[in-house]
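Structural features, examined
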Amino acid sequence: METVGLLLLLFAALGAEGALCPFPGPQCYKNSTLFDEDFFCEWKDQDHTPSAIYTLSIWSLSSSNIPHFVELNVGNAQNSQVVLESVLSTIQSKIWVLKQTENTVCNSPNTTVILEHSVKYRAPDIQKKVRSAEILELSWPRAKDKKGADYEIRWRMINDSWQSETFQTEDSKEAKWDSRTLQLQNQSVYQVQVRRKAKQHQLWSEWSHIIYVPVDIQTPLVHWKEKKIDGKRKVILSWDAPSPEASYGGVTYNLTLHFSCKSKNHTTNKTSHTLIATDSVIRLSLIAINNVAQSAPQKMTIPPVQHSKHCHTESRRVKKSNHYCLEWYKFIDGETWPISVNTSKKATVEDIKKYMEKYVRYYYFIHNISNNRLYTSSMCPIYSTEGAPVAEPQNLTVVNITQDSAVLLWRPIPVQKQRGFLLNYAIWISREGSDTVYRKVPENQTSFLLSDLNSVSSYTVYIAGQTKAGVGPNSTADFFTNSSPFPGLLMIILNVCGVVLLLSLFISVALRRFERKILPTIPSPVISATASYHVDHQNLKAVTEEVDDVVLLHCEDVDKSKNCLNPEQSTVLLGCQLSVYEEEEEEEEEEEEKEEDETHFTSSSTNPEGQRLRLSEPLEIVDTIQKENNCEVSTPLYRHGSVL
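Residues numbered from 1 in each chain as written. Predicted model: local features only at pLDDT ≥ 70, side-chain atom pairs only at ≥ 80, totals over all residues. Heavy atoms only, no water.

Quick word on the overall build of the protein
The line we're drawing: Only DSSP runs of H or I with at least four residues qualify as helices, and only runs of E with at least two residues qualify as strands; both kinds are numbered from the N terminus onward. Throughout, exposure labels follow a simple rule: accessible area from a 1.4 Å probe, protein chains only, divided by the maximum for the residue type, with under 20% read as buried, over 50% as exposed, and the rest as partly exposed. Any two residues whose heavy atoms approach within 4.5 Å at even a single point are treated as in contact. Areas reported here follow the Shrake-Rupley algorithm with a probe of radius 1.4 Å; residue values treat only the protein chains shown as occluding.
Along the backbone of the protein there are nine helices and 36 strands. The burial tally for the protein puts 35% of its 644 residues in the buried class. Sequence separation of 24 or more characterises 64% of the internal contacts of the protein that already satisfy a separation of 6 or more. With an accessible surface of roughly 40,200 Å², the protein has 51% of that area assigned to carbon and sulfur atoms.

This is the structure in structure tokens:
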């Protein structure tokens, strides 16, 4: 029976001819050089089906020629753990796999190996990657036996060919990590893989996962905005995403928030974060981390809401329990946020008053915790003891002085000088020879209108701050009111009138020039003397004559008339007397005109010394008469076409 069993084992070991499986034989090894390490066997069947059943067989022949056979049914799996004690690891063994399906049965090729010498490390797990410009440093834990090993590392730029090199690390009992430094091109993204094998062994480990090596990541720039929602302060943080070269392999952000009563860490791969915050200051720190580096922390302080001058308490009732926090601090100058604040989850407002300085303003917040979130329910300025101000209002000036009014301007008293809550500003207005007038101005006001003043008068104004403890020192200002505003108004009116006059002159000249260009002057017709001369030869009876003035000369002295008249251009009247007949009215009948004419011509003809009148060149009569201005003769005037 023993002989039959050995034959069966031998047949199984050699395999049936023509029944070989189409996949290679199994590979068995241990993961370290330690003596007590178990073995691991694996095979790769490309035609793997869910119905396949695998059986791993290990056959060895001892030094005393005694066969040793191990058979492990692993079902549908393609690997198996082999316990060290179940095999002969120091002698040569044959290993194969039997595959059974519904239709076929086959054996894989045999693998001959001394298991003790078959060591295959696990693939390196690169956990540390640090890049600074062109230098990349990679680190990973050593194998289980903590010994040095032979390594091969390869790297390439994206879509480029691989470069590789081998190196060896030394054995050391203290060393727990192996590392390698590479020289890379700056501002370029790389892919890196590493594999290893035990010294004096042949099996290489698998390649590590491909790691992306981005460039250095810069400190992100943080933006923020806030708004009130349901009485709570909502703060929205956002920051700029890094460049694509710095984002290969992914980027994470480590956000640390420091509130007054608690701190909170948050890790995200987004570029924004929303939080419900208190009304007090928020300090934050943001670090961007990629595969090979982390940025310097971006630190930022979000200021508190504006300090109010009076208490602001939420309508909801404040619960003083373990779910609330009291925060308080001393005002330095009323504006600057202090570096350190005091917080307590048990103290009350009355408790903190015992440790506050007198006449110094403090500010406190009451923060409630709801759903693990802090929000502010109360915020108030507070004094333990109040006093009168020790400083006067600053920079008191008087502006806009008129006949009966003026405006006072000043700057508030500094908070640290108020020594209490200002109730109002007290103002005294004094005029020389008159009673002083007192006025009150609200504490948040920094200007005041003085009215009902007398013109051309001297005034003195005093102003001081007042708390419930009393009035502080005052500021003083003197001014004179103006006289009547009419001189100034008159000057304005005169200036306006002058401007209007100048504009009217300018427009008039411009219109004249424009008229000359558009409508040129039409020349007057010239009447020649020749046209007038032909009038003497016309039929005078046909023309209707009108006589304006008639001059009659009675000839008495021939010598005088010679001296007065020009013998060349007019009739010589000798010894004449000058008689002037007024113009007859046009309404007189024609018969009277004829009688007068006949009488005139008869007297002229009967006078032996008289000469008859003749009309010669009527246009020249005007010139002749102008030359006889010195003569005592009346100038005869004729209408056109008249004949005497």
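Next comes the rest of the write-up.
Some words on the environment of Lys-232
Positionally, Lys-232 belongs in strand β17 (residues 232-239). In this structure, the C-alpha to C-alpha distance between Lys-232 and Tyr-375, residues 143 residues apart in sequence, is 6.2 Å.

Some remarks on the confidence of the model for the protein
Close inspection of predicted coordinates is inappropriate for parts of the model with low pLDDT. Our working definition: Confidence scores here are pLDDT values: one per residue, from the predictor, ranging 0 to 100.
Across the protein, the average pLDDT comes to 78, with 74% of residues at or above 70. Here strand β36 (residues 576-581) stands out as the element of the protein with the lowest mean pLDDT, 40, in contrast to strand β11 (residues 149-157), whose mean of 95 is the highest. Counting contacts from residues 315-321, a segment whose pLDDT is below 50, to residues more than four positions away or on other chains yields 10 contacts. Segment residues 529-544: pLDDT under 50, and 12 contacts once partners within four positions in sequence are set aside and those in other chains are kept.

Notes on a nonpolar patch on the surface
Put simply, the rule is: Residues forming no salt bridge and having over 30% relative accessible area are the ones grouped into patches, like charges within 9 Å of each other and nonpolar side chains (Val, Leu, Ile, Met, Phe, Trp, Tyr) within 5 Å. Each reported salt bridge corresponds to a side-chain nitrogen of Lys or Arg within 4 Å of a carboxyl oxygen of Asp or Glu.
On the surface, Val-499, Leu-503, Phe-506, Ile-507 and Leu-511 cluster together into a nonpolar patch covering about 520 Å² of accessible area. Exposure remark for Leu-511: the relative accessible area of 53% places this residue in the exposed category.

Some thoughts on the state of the cysteines
Going by this rule: Note that a disulfide, as used here, is simply two cysteine sulfur atoms within 2.5 Å.
Counted according to the given criterion, the structure contains four disulfides. Note that Cys-28 is cross-linked by a disulfide to Cys-41, the S-S spacing being 1.9 Å. Across the S-S bond linking Cys-28 and Cys-41, the dihedral sits near 120 degrees, which makes this disulfide right-handed. Of the two residues, Cys-28 sits in strand β1 (residues 27-29) while Cys-41 sits in strand β2 (residues 39-42), which places them 13 residues apart along the sequence. Across the pair, Cys-41 and Cys-28 agree in class, each one buried.

Re the packing of aromatic side chains
Rules: A pair of aromatic rings is counted whenever rings of Phe, Tyr or Trp (Trp by its six-membered ring) have centres within 6.5 Å, and the orientation is called stacked for planes under 30 degrees apart, edge-to-face for over 60 and tilted otherwise.
Evaluated as defined, the whole model comprises 17 aromatic pairs. On the basis of an interplanar angle of 75 degrees and a centroid distance of 6.3 Å, the ring pair of Phe-23 and Tyr-54 is categorised as edge-to-face. Taken together, the residues Phe-23 in the loop between α1 (2-14) and β1 and Tyr-54 in strand β3 (residues 53-61) connect sequence positions 31 residues apart. Of the two residues examined, Phe-23 and Tyr-54, each falls in the buried class. Plain terms: the ring middles of Tyr-212 and Tyr-248 are 5.9 Å apart, the flat faces sit at 20 degrees to each other, and that makes the pair stacked. With Tyr-212 in strand β15 (residues 211-213) and Tyr-248 in the loop between α2 (244-247) and β18 (252-258), this residue pair connects regions lying 36 residues apart in the sequence. Residue Tyr-212 is classed as partly exposed on the basis of its relative accessible area, which comes to 30%. One aromatic cluster is present, formed by Tyr-329, Phe-331, Tyr-363 and Phe-365 through successive ring pairs.

Looking at a positive patch on the surface
How we decide: Neither His nor the chain ends is counted toward charge; the positive residues are Lys and Arg and the negative residues Asp and Glu. For the purpose of locating charges, the reference atoms are NZ of Lys, CZ of Arg, CG of Asp and CD of Glu.
A cluster of like positive charges, contributed by Arg-512, Arg-513, Arg-516 and Lys-517, occupies part of the molecular surface. Along the chain, the position of Lys-517 falls in helix α5 (residues 486-518). On the basis of relative accessibility, which here comes to 70%, the residue Lys-517 falls in the exposed class.

Some remarks on the sheet that holds strand β20 (residues 272-277)
Sheet strands pair via backbone hydrogen bonds, and the direction of the pair is either parallel or antiparallel. For the record, the criterion: Here, strands pair whenever DSSP counts at least two bridges between them. Every axis corresponds to a line fitted to the C-alpha atoms, with the helix fit spanning only the stretch in contact, and the corresponding angles, defined between N-to-C directions, vary from 0 to 180 degrees.
Taken in spatial order, the three strands line up as β16-β17-β20 in an open sheet, and their pairing is antiparallel. Single-partner strands in this sheet number two, and they are β16 (222-229) and β20. The sheet shows a mean angle of 20 degrees between the axes of neighbouring strands, direction not considered. Sheet analysis places β16 next to β17, joined by eight bridges and oriented antiparallel. Each residue of the ladder has a partner; that of Glu-226, found in β17, is Val-235.

Observations concerning the sheet that holds strand β28 (residues 394-399)
Spatially, β28-β29-β32 is the arrangement adopted by the three strands of the open sheet, whose pairing is antiparallel. Only two strands of the sheet have a single partner each, and these edge strands are β28 and β32 (447-450). The sheet shows a mean angle of 15 degrees between the axes of neighbouring strands, direction not considered. The sheet contact formed by β28 and strand β29 (residues 406-411) spans four bridges and is antiparallel. In the sheet register, Val-399 faces β29, and the bridge partner there is Val-407.

Topic: unusual backbone geometry
Positive phi, normally seen in glycine, also occurs at Ala-133, with a value near 60 degrees. Relative to the helices and strands, Ala-133 resides in the loop between β9 (128-132) and β10 (135-141). Since its relative accessible area comes to 30%, Ala-133 is described here as partly exposed. For Gln-187, which is not glycine, the phi dihedral falls at a positive 60 degrees.

A closer look at the environment of Phe-39
Along the chain, Phe-39 falls in strand β2. Put simply, Phe-39 and Cys-28 are 11 residues apart on the chain and 6.6 Å apart in space, counted from C-alpha to C-alpha.

A few points about the nonpolar core
Generally speaking, nonpolar side chains in soluble globular proteins are found buried as a group. Note the threshold: Residues belong to one nonpolar core when they are buried, are Ala, Val, Leu, Ile, Met, Phe, Trp, Tyr or Cys, and are joined through side-chain atoms within 4.5 Å.
Ranked by internal contacts, the top residues of the largest apolar core, which has 23 residues, are Val-235, Leu-237, Leu-257, Phe-259, Leu-275 and Leu-284. Elements with a minimum of two residues in this core: β17, β18, β20, β21 (282-289) and β22 (298-302). Setting aside anything within four residues of it in sequence, one finds Val-235 in contact with Lys-225, Glu-226, His-273, Thr-274, Leu-275, Ala-277, Ile-282 and Ile-302. If you look at the next biggest cluster of nonpolar residues, it comprises 22 residues, including Ala-149, Ile-153, Phe-167 and Leu-182.

A closer look at the pattern of salt bridges
This structure, assessed with the given rule, holds 14 salt bridges. Of the charged contacts in the structure, one is a salt bridge between Arg-195 and Glu-152, with a shortest N-O distance of 2.8 Å. Of the two residues, Arg-195 is situated in strand β14 (residues 190-198) and Glu-152 in strand β11; the sequence distance between them amounts to 43 residues. The exposure class of Glu-152 is buried, given its relative accessible area of 15%. Among the ionic pairs, Glu-165 bridges to Arg-180, the shortest N-O distance being 2.7 Å. Residue Glu-165 is located in strand β12 (residues 163-168), and its partner Arg-180 is located in strand β13 (residues 177-183); the two are separated by 15 residues in the primary sequence.

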